[in-house]
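Letter by letter, the chains look like this.
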Number of protein chains: 4
Amino acid sequence: MVMQEGFKYPDTKAYEYVKRELRSHGVGLTDIAKIVWEMEYKYIPDLEVGKIIEEIDNVLHKREVLNNIMTGLFLDKAAQRGVVDYPLQEIIENDAGVYGVDETLAIQIANIYGSVGVSNFGYLDKAKSGIMIDLDNDNGKVNTFIDDIVGAIAAAVCGKLAHATA
Amino acid sequence: MVMQEGFKYPDTKAYEYVKRELRSHGVGLTDIAKIVWEMEYKYIPDLEVGKIIEEIDNVLHKREVLNNIMTGLFLDKAAQRGVVDYPLQEIIENDAGVYGVDETLAIQIANIYGSVGVSNFGYLDKAKSGIMIDLDNDNGKVNTFIDDIVGAIAAAVCGKLAHATA
Amino acid sequence: MVMQEGFKYPDTKAYEYVKRELRSHGVGLTDIAKIVWEMEYKYIPDLEVGKIIEEIDNVLHKREVLNNIMTGLFLDKAAQRGVVDYPLQEIIENDAGVYGVDETLAIQIANIYGSVGVSNFGYLDKAKSGIMIDLDNDNGKVNTFIDDIVGAIAAAVCGKLAHATA
Amino acid sequence: MVMQEGFKYPDTKAYEYVKRELRSHGVGLTDIAKIVWEMEYKYIPDLEVGKIIEEIDNVLHKREVLNNIMTGLFLDKAAQRGVVDYPLQEIIENDAGVYGVDETLAIQIANIYGSVGVSNFGYLDKAKSGIMIDLDNDNGKVNTFIDDIVGAIAAAVCGKLAHATA
């Protein structure tokens, strides 16, 4: 379909949707802030959680970030409901290691803050940290995208902080 | 959910799904081959459509390619049915220029054959060519991902051919 | 080498170096602004060159952008002087179509403003426009990176403008 | 400069250059294989170093891989000799955390084997492993690109193995 005359990007609705959906997965901004703190406290001595939460909120106002998050969250939901076409349904449901689209969306989020953000995401994706472990072990739930999304938001903020303090 | 013991990536099913879905959008391998030929005939004098179709078929056997295509096709379908959460539903439905996830999946496909593939995709995304124009003008249908997917497959094959003949 | 205690990223020097080097290649901000205008005037009716130059200047203050530009400009210069190791020297000197590192640095610049920026770069890389044509035809000079850099800056600004007006 | 009539990409010279330069940094294929084994032995029970070396050799025959490696190795060398323009010279010399071009080239290498390769690289970039630690601590030497290159080759091979066994 062609874009409707007068369509405006729904910035506020997108931001609120993302915050609400993260919360419904048990992910608060403080959980993400803890991951960032864990990654950065060695490099930024006086780093405060309040400051990190502020930066997360900034990142969550970027459209590119919101679009990738909303898409990933919807794909998890659709797979949870079992309404995705086969064989994609079983690939997402099984969080198949060679799927890669979850990482692709996450990398795009992290890359907004440069290639250093991407490295941070890659590390978090393997090492897992804090709430990411809980999400990864949340059996019975399709959490294929959500853990990468959380890691990507944290990685983006790490990238942003690195630039701010260099 | 954690990967089930014994889960095997469904290569054949994925390939067949993609071919069938492309066909249901009126996209045959010959349509994609024509886009490639249009891009490359100046550089590769004796380029034949049969050879291009063979290369497209090769590209369509790569899992990273299949995964990104399947995901994009499903998102178009879900938006067509109106089952995507708001506000993502209206963003995809309107093919909003600032959505970008359609380009992200396409770029990931094209990049499998290197950064030259990405440039080719970018060109096709703007210039549109052959079947891509029809898809873009197909009013009443959500074709947000499909035109980028077609462009990305063509771009990937262009990248592959460029390497083969350099 | 490990980072020296007290090393500070040289923001101002990097910005001034890039402006000076672009000028020494005959590239002014107005030349880049013309490329942007050509890409965007259809979508943004009252777009003014002054506004575009302001946005280019903003983009040229981003470290990720500066780092990729400086690296590309240096590689062109080193190949011009003939001091690059073989066979990389002849690959850059010939602007080999399968080199791809010029596109990789450019894509990284464009991607700071999202995947839409990358598409814009890909288009400009193929279609060439304005000063990019002159650079590409500047015989006797190694201009392998500079034309992609100019295209990437323009593409980044297009991405930025697209977000600002959507 | 425009590509000379009859220029052929020097595949063999590029491969031999890369192997020789890696060796001159004390990096053998076995060192890279050990990093891969460390990452993958949990997932691929009967993984043998000989098989990994074979895969590394395969990866080192891809032009996109060779081009990014040669470019990074040359930049390290030029900075070691002190012949890079300022301020880029001091940015590379100090391995400044916000430079990012080293990661960009590495990510492009890793991404040839999909987004899973990129995650693996990000992990190795932070966690460092085996020879990467030695390179990182090799004081007096500019090793800004080489450690990322080693990590990227290892990550690419991990990505390739993951696909082969899924």
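1. Notes on the interface of chain B and chain D
Part 1 of the argument: Counting residues at the interface gives 12 residues for chain B and 12 residues for chain D.
Part 2 of the argument: Across the chain B to chain D interface the summed buried area is about 1,100 Å²; carbon plus sulfur atoms make up 33%.
Part 3 of the argument: For the pair chain B and chain D, the number of links is zero salt bridges.
Part 4 of the argument: Taken together, the connections running from chain B to chain D amount to four residue pairs in polar contact (both at pLDDT 80 or more).
Part 5 of the argument: Secondary structure elements with two or more residues in the side of chain B that touches chain D: helix 4 (63-81), helix 6 (101-111) and helix 9 (146-165) of chain B.

2. A word on the relation of the copies chain B and chain A
Part 1 of the argument: Its rotation angle being 180°, the transformation that places chain B on chain A also includes 0.0 Å of axial translation and leaves an RMSD of 0.0 Å. This pairing of chains is accounted for by a two-fold axis.
Part 2 of the argument: Comparing contact sets, 100% of the residues at the interface of chain B also lie at the interface in chain A, consistent with an isologous, same-surface contact.

3. Let's talk about a nonpolar patch on the surface
Part 1 of the argument: On the surface, Trp 37, Tyr 41 and Val 49 of chain A cluster together into a nonpolar patch covering about 240 Å² of accessible area.
Part 2 of the argument: With respect to the helices and strands, Val 49 of chain A occurs in helix 3 (residues 49-59).

4. Things to note about the confidence of the model for chain A
Caution is warranted with low-pLDDT regions, since their predicted coordinates should not be read in detail.
Part 1 of the argument: Looking at chain A as a whole, its pLDDT mean stands at 92, while 96% of the residues score no less than 70.
Part 2 of the argument: As scored by the predictor, the complex reaches a pTM of 0.95 and an ipTM of 0.94.

5. Side note on helix 4 (residues 63-81) of chain A
All names here are of chain A.
Part 1 of the argument: Taking 1.5 Å per residue as the helical rise, helix 4 with its 19 residues ought to reach 27 Å, and the 27 Å between its terminal C-alpha atoms agrees with that figure.
Part 2 of the argument: In terms of burial, helix 4 is a largely internal element, 16 of the 19 residues being buried.
Part 3 of the argument: Phi for Gly 82, located one or two positions after helix 4, is positive at around 75°.

Calculation notes
Note that residues are indexed from 1 along each chain, following the sequence as it is written. The order in which chains are written sets their letters, starting at A; the order in which ligands are written sets their numbers, starting at 1. Given that the model is predicted, a residue must reach a pLDDT of at least 70 before its local features are reported, and side-chain atom pairs must reach 80 or more before they are shown or counted; all residues, however, enter totals for whole chains, interfaces and linings. Hydrogens and waters are ignored; side-chain quantities use all the structure's heavy atoms. By the convention used here, residues are in contact when the closest approach between their heavy atoms is within 4.5 Å. Buried area: the sum, over both parts, of the accessible surface (1.4 Å probe) that disappears when the two are put together. Salt bridges are counted wherever a side-chain nitrogen of Lys or Arg sits within 4 Å of a carboxyl oxygen of Asp or Glu. Pairs of N or O atoms within 3.5 Å make up the polar contacts considered here, provided that, within protein, one atom can donate a hydrogen while the other can accept it, and that residues adjacent in sequence are counted only when both atoms are side-chain atoms. Counting from the N terminus, the helices are the DSSP runs of H or I reaching at least four residues and the strands are the DSSP runs of E reaching at least two. A least-squares superposition brings the copies together, and it is based on the C-alpha atoms of residues with pLDDT no lower than 70 in both. Here, patches come from residues exposed beyond 30% relative accessible area and free of salt bridges, joined within 9 Å for like charges and within 5 Å for nonpolar side chains (Val, Leu, Ile, Met, Phe, Trp, Tyr). Calculation of accessible area relied on Shrake-Rupley with a 1.4 Å probe; when residues are assessed, cover is drawn exclusively from the protein chains displayed. Looking at any residue, its pLDDT shows the predictor's confidence there, from 0 to 100. One fewer than the residue count of a helix, multiplied by 1.5 Å, yields its expected span. Throughout, exposure labels follow a simple rule: accessible area from a 1.4 Å probe, protein chains only, divided by the maximum for the residue type, with under 20% read as buried, over 50% as exposed, and the rest as partly exposed.

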